[in-house]
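Listed here are the chains, written in short residue letters.
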Amino acid sequence: LHRSRQSSIDLLKVKSILVIKNEAIGDMVLTTPLIRHLALHGYQVDVLATGGNQAIVRHNPYIHRLHVQQVRNQDIKPFIQETFHDLHYDMVLDVRYPSFNENIDWLIFPQDIPCNYLVSWNRSHLGCYDVSLNFYDVHAHFIRVMDLFLSYLGRPFL
């Protein structure tokens, strides 16, 4: 790990957000209310999607910029370096499911995206996230996770 974690986050300074959801199509569908809600509250929202799920958000008017990772199992580091080399975000929201059977590069690639704050859920064991929101209710619907992120930002919708 090479990213230094921030000890405190000034949410009032957050204006640009990258949402990472490079997983299944259905999960991207459930992420669209988060994207819309953030945009309606004045955030500039970019999204990192896959070739498979980007069709869900391709023409979403609430997305400023869409980044598409065409192949899910491609070497992620070169893709991240090429895609984000001239960008910087106030905050990156890694809303991917915390799957721990992935290789380490896949788990921690968000640390390579230039940002002030890196936020995820159920990843407190990884040292690169500034905030890891706790949500261990295995019976809850994924939309509750989206509300967890919005609640953290002071913008709950549920």
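Our subject is the structure that appears above.
Residues numbered from 1 in each chain as written. Predicted model: local features only at pLDDT ≥ 70, side-chain atom pairs only at ≥ 80, totals over all residues. Heavy atoms only, no water.

Undergrad: What am I meant to see in the nonpolar core here?
TA: The nonpolar side chains of a soluble globular protein tend to be buried, and buried together. Ranked by size, the top nonpolar core spans 31 residues in total, and within it I17, L38, V47, L93 and F149 carry the most contacts. Within the residue set of this core, elements represented by two or more residues are β1 (16–20), α1 (25–40), β2 (44–50), β3 (65–69), β4 (89–94), β5 (115–121), β6 (131–133) and α4 (142–152). Broken down by element, the residue count for this core peaks at six residues, all from α4. Excluding residues within four positions of it along the chain, I17 makes contact with L38, Y43, Q44, V45, D46, Y89, M91, L93 and L153. Among the nonpolar cores identified, the runner-up in size contains 20 residues, and I20, F84, V92 and C115 belong to it. (Core = buried A, V, L, I, M, F, W, Y, C linked by side-chain atoms within 4.5 Å. Buried < 20%, exposed > 50% of the residue type's maximum accessible area, 1.4 Å probe, protein only. Helix = DSSP H or I, 4+ residues; strand = E, 2+ residues; numbered from the N terminus. Contact = heavy atoms within 4.5 Å.)

Undergrad: What exactly am I supposed to notice about unusual backbone geometry here?
TA: For residues that are not glycine, phi is negative in most cases, and the peptide bond is trans in most cases. For N122, which is not a glycine, the phi torsion comes out positive at approximately 55°. By the secondary structure assignment, N122 is in the loop between β5 and β6. What makes N122 buried here is its relative accessible area of 8%.

Undergrad: Help me out: how do you make sense of α4 in this one?
TA: The α-helix winds at 3.6 residues per turn, so residues separated by three or four positions along the chain end up facing the same way. Within the sequence span of α4, burial applies to F142, I143, V145, M146, D147, F149 and L150. Here the buried face of α4 lies against α1, β4, β5 and β6. The first or second residue beyond α4 is G154, which carries a positive phi of 80°.

Undergrad: Would you explain the pairing of β4 in this entry?
TA: Moving residue by residue along a regular strand, the side chains alternate between the two faces of the sheet. Counting buried residues along β4, six of its six residues qualify, which places the element largely inside the surrounding structure. As paired strands, β1 and β4 are joined by four bridges and run parallel to one another. When the bridges of β4 are listed, L18 appears paired with V92. Of the pairings in the sheet, the one linking β4 to β5 comprises four bridges and is parallel in character. Across the sheet, M91 pairs through a bridge with Y117, a residue of β5. (Pairing = 2+ DSSP bridges.)

Undergrad: Please explain the state of the cysteines as it appears in this structure.
TA: A covalent bond bridging the sulfur atoms of two cysteines is what the word disulfide describes. Per the counting criterion, the structure on display carries zero disulfides. For the unlinked cysteine C115, the closest cysteine sulfur is that of C128, found at 9.5 Å. (Disulfide = S-S within 2.5 Å.)

Undergrad: Before we go on, may I ask you to explain the pattern of salt bridges in this structure?
TA: Once the charged atoms of two side chains with opposite charge are near each other, the side chains can pair. The tally for this structure, following the rule as stated, stands at six salt bridges. Its salt-bridge partner being K21, residue E23 comes within 2.5 Å of it at the nearest N-O pair. According to the relative accessible area criterion, E23 is buried, its value standing at 18%. Each of K21, E23 and D27 takes part in a single network of salt bridges with overlapping partners. (Salt bridge = Lys/Arg side-chain N within 4 Å of Asp/Glu carboxyl O.)

Undergrad: It is not clear to me how the environment of H139 should be interpreted in this structure. Could you clarify?
TA: Note that H139 resides in the loop between β6 and α4. On the basis of relative accessible area, H139 is assigned to the exposed category, the value being 76%. Spatially, the C-alpha atoms of H139 and R5 are 31 Å apart, while their sequence positions differ by 134 residues.

Undergrad: Quick question: what am I supposed to make of the sheet that holds β6 here?
TA: In any sheet, the strands associate via hydrogen bonds between backbone groups, in a parallel or an antiparallel arrangement. Taken together, the six strands give an open sheet; going across it, the order is β3-β2-β1-β4-β5-β6, and neighbouring strands pair in parallel fashion. Every interior strand has two partners, whereas the edge strands, β3 and β6, have only one. Within this sheet the neighbouring strands show an average axis-to-axis angle of 20°, counted without direction. Note: β2 against β3, five bridges, orientation parallel. Paired with V47 across the bridge in β3 is L66. Lying over the sheet, α1 contacts β1, β2 and β4, oriented at roughly 165° with respect to β2. Its contacts with the sheet put α4 on β4, β5 and β6, and the angle it makes with β5 is roughly 145°. (Axes fitted to C-alpha atoms, helices over the stretch in contact; angles between N-to-C directions.)

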